[in-house]
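Structural features, examined
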Amino acid sequence: MSTHRIDTTNAKRIPVQGAGVTAHEIAARFRVTAPSVRRWARQGIVPAFKIGSTYRFDLAAVEEALRVRGEVSDG
């Protein structure tokens, strides 16, 4: 588990919709890098599915997975 928490109080609000969100969109939302998001997917930290070689994410499922892990504050 990571030693830091992601504070979403001032998280960047980007117009993303449900499933099919890209790693770059998740990265922008949580202010991390796209490679970090893809690594989280490979490690099973966040749920993802692949279309060809591209990871796609459900924003609500990613938020919940990180919240459950204690990596996202509810602020």
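The structure presented is a predicted model; accordingly, all values stated were derived computationally and were not measured. (Residues numbered from 1 in each chain as written. Predicted model: local features only at pLDDT ≥ 70, side-chain atom pairs only at ≥ 80, totals over all residues. Heavy atoms only, no water.)

On to the nonpolar core, then. The biggest cluster of nonpolar side chains holds 17 residues, and the ones touching the most others in it are Ile26, Val37, Val46, Phe57, Val62 and Leu66. Looking at this core, the elements that each hand over two or more residues are helix 1 (23-30), helix 2 (34-42), strand 3 (54-57) and helix 3 (59-69). Ignoring sequence-local partners within four residues, the contact set of Val62 consists of Ile26, Phe30, Val46, Pro47 and Phe57. (Core = buried A, V, L, I, M, F, W, Y, C linked by side-chain atoms within 4.5 Å. Buried < 20%, exposed > 50% of the residue type's maximum accessible area, 1.4 Å probe, protein only. Helix = DSSP H or I, 4+ residues; strand = E, 2+ residues; numbered from the N terminus. Contact = heavy atoms within 4.5 Å.)

In this section: the pattern of salt bridges. For the structure shown, the criterion picks out two salt bridges. Here Arg29 and Glu63 are joined by a salt bridge, their closest N and O atoms 3.0 Å apart. Of the two residues, Arg29 is situated in helix 1 and Glu63 in helix 3; the sequence distance between them amounts to 34 residues. Note on Glu63: relative accessible area 25%, which makes it partly exposed. In this structure, Glu64 and Arg67 form a salt bridge, with 2.7 Å as the shortest nitrogen-oxygen distance. Residue Glu64 and its partner Arg67 are both found in helix 3; the two are separated by three residues, about one turn of the helix. Owing to a relative accessible area of 37%, Arg67 belongs among the partly exposed residues under this scheme. (Salt bridge = Lys/Arg side-chain N within 4 Å of Asp/Glu carboxyl O.)

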